Structures are given as structure tokens and as C-alpha cells.
Amino acid sequence: MIEVKNLVKRYGDHTAVDHLSFEIEKGKIYGFLGPNGAGKSTTMNMITGYIASTEGTVVIDGHDILEEPEEAKKCIGYLPEMPPLYFDMTVLEFVADLKKIPKDKKATMIEEIMDMVKITDMKNRLIKNLSKGYRQRVGIAQAVLGYPEVIILDEPTVGLDPKQINEIRDLIKGLKQKHTVILSSHILSEVSAVCDYVLIISHGKLVASDTPENLGKLAEGSNTLNLIVKGEKDKIRTALGQIEGVKNVTAADAKEEHAWNVNVSTNEDSDVREEVFFKMADAKCPILEMQSKKVSLEEIFLELTEDDKKSKTSDKKMEVNSAGEAEKILEAQNGETDKKEGEDK
């Protein structure tokens, strides 16, 4: 549906998007996740043709956004972070006049979309008299009008109250039935609740792309069992270490008398809970508590973006060291030159 290849956007010396590549398939909700300033909105603007890329290509349903902009844009409905609304128009006027909808289909389509986003009751109100939640709905209505194959929503719930957020999320889920949706956000709970697939961007680069479930499995510490076990420490560690799929066992003092906090690290996709139960039963070491550690999207996000941040810091340190070494070499050369000039005199 959408193919992005080596997308780059530079503003002078600053690289906002750095060789970004990914593909979007039909019939899914994609979460485009990243911290503020990661390049999410810049990428959305390039995909929709709002701004041109420095390098790379965006192909939408076989149409290059720069070479065939009109054909490509027909496939897209876009809600920017700040909805482009005219406050002195009524909802009905705004929705009706936006796109080149055939006259015989216009009235029916507008009615359907207003029902879908639940703004029918507000259709004769001026947009300036609507709440932020309803203005957001009008923005989504203009994106959906014409039934484009791809709906792109940039931070659609920013500034809304919890009730409005839930309503907009339900609305986005409903769009999946007829459209492919790209949702740009830095709100982790929103992406986790709504999206089928997650793309994480940091410093303009794609650092991860997978389903929320698979990202959880890939995260550090995701395959861990936390136990509280009563018994002898060495006996517990030896018994658990014999289980197939167990990589590491650590034990530390627990609050309960003669009990240990035990962490069992396992291979990816290994579920050893039953084996752990039977091993401890055979060893006569009762399990007081067992929990399978679940890694949240927030932990994954922080882990990935922190790694990228450390990498950037390391690169900067190398640059500073290189610059420092170069300066020392120049100073040494200048010192030798001054010395030689003194000898010549």
C-alpha cells in the first residue's frame, strides 16, 4: 500500500529524518511511535506530500508522491496535529466543500461520515463553538471524506480529556474495517490499545518495527520468571538449572524466613512454569509466589530510544576526542615550527 525507501529530510546541518525505510500493508492500524522531536510529524508530512524529502521515495498504491502527487494524494486522508479548521463555517459546510466528491454521492457520503464520527447533532453549529473533542472529530471527518484507502492521523488525541480520548480511540478502531490507518503518537498507552503493528522512531531513524507482542518478547528481561521459594538456596538453584530452556538462575534473600527471591531467565518462547512447579515440588521447596514478567510497551520504548541516545552520545564523545587529538597535533606542530624559527634566527 505504502512503500517508503531511504527517506531523508535535512534542514541545514540538522537531519530530521535519517534514511527511513518501511512498508505499510492494507487493513491494519500502524502506530508510528517516538519521543518529541524524533521526526514523526516530518515523516507524516513527507508521506502526504505536504513537504518534499531531501532524498528517498514515497510510493502510495503505485504512485510516487513527488512525481504523481494528485494520484497519490487521492489515496490519502490526512489529519495533521493541528486540524485545519475554518472556525466561521458550520460543520456541514466545512465537510461538504473540502473534496471533489461527485454531486450525486455527496449528500449520502457526508451523512454517513457524520454518523460515523458522531457529529450529526452538531452539523449546523459554527466550528468555533465546538469543544476540542468535537473539532477533532470534524478533522477526522475531513480525512475520511471520499473514503481514501489510507488514513493518516498525527497525534489525534493531544489535549483531549480521558472520555474524549476513549471515544476517538474507538473511532480509530472502527476505521480499520475499510481503511489502512497510520497513527502517529508519543502516547504509549494509545499505541498499545489501538495498533496492530508498531514502528518506533528515534532521532529520525527506525529502531524497531513489529507487533506489540513480538516487541515485548525481544525486549531485555522479557523471558523472566520471578519466584519466592522456601528452602535451601543451592538446592533451589541446582533443581531449576536442570530445566530445559532455563539460561540463568539467581537467588537473593526474601522477607519471609528461609525464603528466597529467585529470578529464572529462559530462552525466547519458553514457558517453563509447569516444569518449575514440579521441580520445586520434587525438591520439597514450596513456591510461595510465581510471576511471569511482562514487559510493557513503555519499557520497550525507553530501552530502544535510550540505546539510540547512548549511541549518539558515544559518537559525539568520539568526535570531541578526535577534535581534541587534532588540536593537540596542531599545537605540537606549531610548537615545532616556532622552535625551528627560533633556531634559524
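Residues numbered from 1 in each chain as written. Predicted model: local features only at pLDDT ≥ 70, side-chain atom pairs only at ≥ 80, totals over all residues. Heavy atoms only, no water.

Thoughts on the pattern of salt bridges
Part 1 of the argument: Inspection of the entire model under this criterion finds 13 salt bridges.
Part 2 of the argument: The partner of Lys-28 in a salt bridge is Glu-25, with the nearest N and O atoms 3.6 Å apart.
Part 3 of the argument: We classify Lys-28 as partly exposed; its relative accessible area is 29%.
Part 4 of the argument: Taking the relative accessible area as the measure of exposure, Glu-25 reaches 47% and is therefore partly exposed. (Salt bridge = Lys/Arg side-chain N within 4 Å of Asp/Glu carboxyl O. Buried < 20%, exposed > 50% of the residue type's maximum accessible area, 1.4 Å probe, protein only.)

Considerations on the side chain of Ser-53
Part 1 of the argument: Following the sequence through the fold, Ser-53 ends up in the loop between helix H1 (40-47) and strand E4 (55-60).
Part 2 of the argument: Owing to a relative accessible area of 19%, Ser-53 belongs among the buried residues under this scheme.
Part 3 of the argument: Only 3.3 Å separates the side chain of Ser-53 from the backbone oxygen of Glu-55, close enough to count as a polar contact.
Part 4 of the argument: Not counting chain neighbours up to four residues away, the residues in contact with Ser-53 comprise Leu-7, Val-8, Lys-9, Met-46 and Leu-66. (Helix = DSSP H or I, 4+ residues; strand = E, 2+ residues; numbered from the N terminus. Polar contact = N/O pair within 3.5 Å; in protein donor to acceptor, adjacent residues only side chain to side chain. Contact = heavy atoms within 4.5 Å.)

Here we look at the sheet that holds strand E14 (residues 287-292)
Part 1 of the argument: The 4 strands lie next to each other as E12-E13-E11-E14, forming an open sheet whose pairing is antiparallel. Looking at strand neighbours, the two that pair on one side only are strand E12 (246-253) and E14, the edges of this open sheet. Taking the axes of each pair of neighbouring strands and ignoring which way they run, one obtains an average angle of 15° across the sheet.
Part 2 of the argument: Alignment of strand E11 (residues 224-230) against E14, held across 5 bridges, turns out to be antiparallel. Each residue of the ladder has a partner; that of Leu-227, found in E14, is Met-290.
Part 3 of the argument: This element, helix H9 (residues 233-241), spans E11, E12 and strand E13 (259-266) of the sheet and lies at about 165° to E12.
Part 4 of the argument: Packed on one face of the sheet, helix H10 (residues 273-282) meets E11 and E14 and runs near 165° to E14. (Pairing = 2+ DSSP bridges. Axes fitted to C-alpha atoms, helices over the stretch in contact; angles between N-to-C directions.)

Some details on the pairing of strand E3 (residues 29-33)
Part 1 of the argument: Summarising burial for E3: 5 of the 5 residues are buried, a large majority.
Part 2 of the argument: Residues of E3 alternate between two faces, with Ile-29, Gly-31 and Leu-33 on one and Tyr-30 and Phe-32 on the opposite face, all of them buried.
Part 3 of the argument: Pairing of E3 with strand E8 (residues 180-185), which is carried by 5 bridges, proceeds in the parallel orientation. In the sheet register, Leu-33 faces E8, and the bridge partner there is Ser-185.

Some remarks on the nonpolar core
The nonpolar side chains of a soluble globular protein tend to be buried, and buried together.
Part 1 of the argument: One finds Val-91, Val-138, Ile-140, Leu-153, Ile-172 and Ile-200 to be the most contacted residues of the largest nonpolar core, which totals 44 residues.
Part 2 of the argument: With 26 residues, the next largest nonpolar core counts Phe-22, Ile-47, Ile-152 and Ile-201 among its residues. (Core = buried A, V, L, I, M, F, W, Y, C linked by side-chain atoms within 4.5 Å.)

Quick word on empty space enclosed by the protein
Part 1 of the argument: Applying the stated criterion across every chain, the model contains 1 cavity of 30 Å³ or more.
Part 2 of the argument: There is about 50 Å³ of room inside the largest cavity.
Part 3 of the argument: In this structure, the largest cavity is lined by Leu-7, Met-46, Ile-51, Ala-52, Ser-53, Gly-56, Thr-57, Val-58, Asp-64, Ile-65 and Leu-66.
Part 4 of the argument: Looking at the lining of the largest cavity residue by residue, the class counts come to 7 nonpolar, 3 polar and 1 charged. (1 Å grid on protein atoms, 1.4 Å probe; cavity = no way out; pocket = protein on both sides within 12 Å on 5 of 7 lines; lining within 4 Å. Points joined across faces, edges and corners; volume = space filled by probe spheres on them. Nonpolar A, V, L, I, M, F, W, Y, C, P; charged D, E, K, R; others polar.)

Points about H1
Part 1 of the argument: Burial analysis of H1 places 7 of its 8 residues in the buried class, which makes it a mostly covered element.
Part 2 of the argument: When we look at burial in H1, the residues that qualify are Lys-40, Thr-42, Thr-43, Met-44, Asn-45, Met-46 and Ile-47.

Describing the sheet that holds strand E2 (residues 14-24)
Part 1 of the argument: Taking strand neighbours across the sheet as the criterion, the 4 strands line up as E2-E1-E4-E5 in an open arrangement whose pairing is antiparallel. The outermost strands of the open sheet, each flanked by one partner alone, are E2 and strand E5 (63-64).

Some thoughts on the packing of H9 against H10
Part 1 of the argument: For the pair H9 and H10, the least separation of the axes is 10 Å and the interaxial angle reads 135°. Between H9 and H10, the angle falls in the class oblique. Both H9 and H10 take part in a crossing whose hand is right-handed. Contact residues: Ile-236, Ala-239 and Leu-240 in H9; Val-276, Lys-279 and Met-280 in H10.
Part 2 of the argument: The residue makeup of the contact of H9 with H10, split by class, is 5 nonpolar, no polar and 1 charged. (Parallel < 35°, antiparallel > 145°, perpendicular 65-115°, else oblique. Left-handed = near helix turned anticlockwise from the far one by under 90°.)

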